[in-house]
Amino acid sequence: MKLTVIGAGPAYTDRVGAVGASYLVTSGETTLLLDLGHGAFANLAGTLEPSTLSAIAISHLHPDHFIDLVPLRHYLRYEFHPPRRVTLLAPAALTERLDALLAQPGFSAESLDVVPLADGLDRVIGTLRLEARKVTHTDDSYAFRVSPINASAYETLAVHRRVGDGGVTGSGSTPGLVYSGDCGRAADLRPLIQPGDLLLSEVSFGLGPVPPGAFHLDADDVGALAAEAGASRILLTHLLSGRDRAATEAATTRAAGGISARLVDPGDRFDL
Ligand SMILES: [Zn+2]
């Protein structure tokens, strides 16, 4: 499993090139995109052919996490004849939100197949398993765990799918990636993290503290969570404009009891 950072910015920033959140997870032929925030489409298109994505999972409906679905939809609709389609797992209001933005009923449906997210969603996408948990941020925000499925487990899961057993169990302890989305309570992420997982977490307020009602995390929150859950590594993202990067990395590593933490940027690639 590989992680490629497409975009890692917050809602606004003075950092040149810091486009909205977007992370590509690949495993063999399977390509799963987590979020597609403002300005991230061009980076995505420069990384792979967007119409070949196995699926896209959207954490929540803030523009820095989903608004480049608009250029993606235009691309799928107008670049190909016949138009192509991509499957999205997203908060239920996504279709209505995009259609309203364009004042065009049916805008999304022309190229996007939307599956509503729910707390506890557990789904096989090619050779990857996607789990979703609701987190404190907007009233319909999710964090994700993505893990590879080995061949024998995949056979079992495929059979379960065919007989209509909706639950997915038994990918075992294969290390995965947990992505926080935006999250105002670190404890919400705890059930998703298995020992050895890589934690890709927002650290919006850097050295903190997080102002009341902001519904984001800081270095101490992320570090303590990673240590408690036994994460193997911490990747940090979504740092607000003007915050100290090196100090945030150091504070997170310190709070995590020495687990390495670093901020990611577009173009970064990691082997998991
Ligand atoms: Zn947000």
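Check the entry above for the structure.
Residues numbered from 1 in each chain as written. Predicted model: local features only at pLDDT ≥ 70, side-chain atom pairs only at ≥ 80, totals over all residues. Heavy atoms only, no water.

**Considerations on the pattern of salt bridges**
Cut-off, in case you're wondering: A pairing counts as a salt bridge when a side-chain nitrogen of Lys or Arg comes within 4 Å of a carboxyl oxygen of Asp or Glu. Each helix is a run of H or I in the DSSP string that is no shorter than four residues. Each strand is a run of E no shorter than two, and both are numbered from the N terminus. Relative accessibility under 20% of the residue-type maximum defines a buried residue, over 50% an exposed one, and the middle range a partly exposed one, all with a 1.4 Å probe and only protein chains included.
In the structure shown here, the tally under the stated rule is 14 salt bridges. Put simply, Arg85 and Asp113 hold a salt bridge, and the shortest N to O gap is 2.8 Å. Linking Arg85 in the loop between α3 (69-78) and β5 (86-90) with Asp113 in strand β6 (residues 112-116), this pair joins segments that are 28 residues apart in sequence. Residue classification places Arg85 among the partly exposed positions, given a relative accessible area of 39%.

**A few points about the nonpolar core**
Convention followed: For our purposes a nonpolar core is just a set of buried Ala, Val, Leu, Ile, Met, Phe, Trp, Tyr and Cys residues, chained together by side-chain atoms within 4.5 Å. Residue contacts follow a heavy-atom distance rule, with two residues in contact if any of their heavy atoms lie within 4.5 Å.
Membership of the largest hydrophobic core comes to 28 residues, with the highest contact counts inside it found for Tyr23, Leu34, Leu130, Phe144 and Leu200. Breaking this core down by element, the ones donating at least two residues are β1 (2-7), β2 (22-27), β3 (30-34), β4 (55-57), β8 (128-135), β9 (141-148), β10 (177-179) and β11 (198-202). Contacts of Phe144, omitting those with residues within four sequence positions, involve Leu34, Ala57, Ile58, Ser59, Leu117, Leu130, Glu131, Ala132, Leu177, Val178, Tyr179 and Leu192. Residues Ile6, Phe41, Leu48 and Leu61 belong to the second largest nonpolar core, which totals 27 residues.

**As for the layout of surface pockets**
Counted only if it meets this: Put simply, the grid is 1 Å and covers the protein atoms alone, a cavity is a trapped set of points that fit a 1.4 Å probe, a pocket is an open set with protein on both sides within 12 Å along at least five of seven lines, and lining residues have an atom within 4 Å of a point. Grid points are joined across faces, edges and corners, and a volume is the space filled by probe spheres set on the points. Residues are sorted three ways: Asp, Glu, Lys and Arg are charged, Ala, Val, Leu, Ile, Met, Phe, Trp, Tyr, Cys and Pro are nonpolar, and all the rest, Gly among them, are polar.
What the largest pocket holds in volume is close to 200 Å³. Lining the largest pocket we find 20 residues, and of these Arg15, Ala18, Leu239, Arg245 and Asp265 sit closest to its centre. Residues that form the lining of the largest pocket fall into these classes: nine nonpolar, seven polar and four charged.

**Looking at helix α7 (residues 245-255)**
Side chains that are three or four residues apart share a direction in an α-helix, a result of its 3.6 residues per turn. Using the following cut-off: What the arc covers is the set of directions going from the helix axis to the C-beta atoms. In protein, a polar contact requires one atom able to donate a hydrogen and another able to accept it; more generally it is a pair of N or O atoms within 3.5 Å, and residues adjacent in sequence count only if both atoms are side-chain atoms.
If you check which residues of α7 are buried, you get Thr248, Ala251 and Thr252. For α7, the angular spread of the buried residues around the axis is 100°, confining them to a single face. Looking at the buried residues of α7, the elements they touch are α6 (219-229), β12 (233-237) and β13 (261-263). Put simply, Asp244 is the residue that caps the front of α7, since its side-chain oxygen is 3.1 Å from the backbone nitrogen of Ala246. Just downstream of α7, Gly257 is the residue with a positive phi angle, here 70°.

**Considering the sheet that holds β3**
As a reminder, the rule being used: At least two bridges found by DSSP between two strands are what make those strands a pair. Angles here are taken between N-to-C directions and fall from 0 to 180 degrees, while the axes themselves are lines fitted to C-alpha atoms, restricted in helices to the stretch in contact.
What the seven strands build is an open sheet, ordered β6-β5-β4-β3-β2-β1-β14; its pairing is mixed. Looking along the sheet, the strands with just one partner apiece sit at the ends: β6 and β14 (269-271). Neighbour-to-neighbour, the strand axes of this sheet turn through a mean angle of 20°, independent of strand direction. Pairing of β5 with β6, which is carried by five bridges, proceeds in the parallel orientation. Its bridge partner being in β6, Val86 is matched across the sheet by Leu112. Contacts from α3 reach β4, β5 and β6, with the element oriented near 135° to β6.

**As for the side chain of Ser147**
Within the element layout of this structure, Ser147 appears in strand β9. Judged by relative accessible area, which is 0%, Ser147 ranks as buried. In this structure the side chain of Ser147 is engaged in a polar contact, spanning 3.4 Å, whose partner is the side chain of Arg145.

**Quick notes on the coordination of the zinc ion**
What counts is decided by this rule: In this analysis a donor is any N, O or S atom within 2.8 Å of a metal ion (3.2 Å for sodium, potassium and calcium), and since water is not included, sites may seem incomplete.
His60 (NE2), His62 (ND1), His137 (NE2) and Asp182 (OD) make up the full set of protein donors to the zinc ion, lying at 2.2 to 2.3 Å. By relative accessible area, Asp182 is classed as buried at 2%.

**Overview of α3**
For α3, the set of buried residues is Leu69, Val70, Leu72, Arg73, Tyr75 and Leu76. Looking at the buried positions of α3, the neighbouring elements they touch are α1 (41-45), β4, α2 (63-66), β5, α4 (94-102) and β6.

**Some details on the pairing of β1**
Side-chain direction in a regular strand flips from residue to residue, so the side chains alternate between the two faces of the sheet. Counting buried positions along β1 yields five of six residues, so the element is predominantly enclosed. When β1 meets β2, the two strands line up antiparallel, connected through five bridges. When the sheet's bridge partners are listed, Thr4 is paired in β2 with Leu24. Here three bridges tie β1 to β14, and the two strands are oriented antiparallel to one another.

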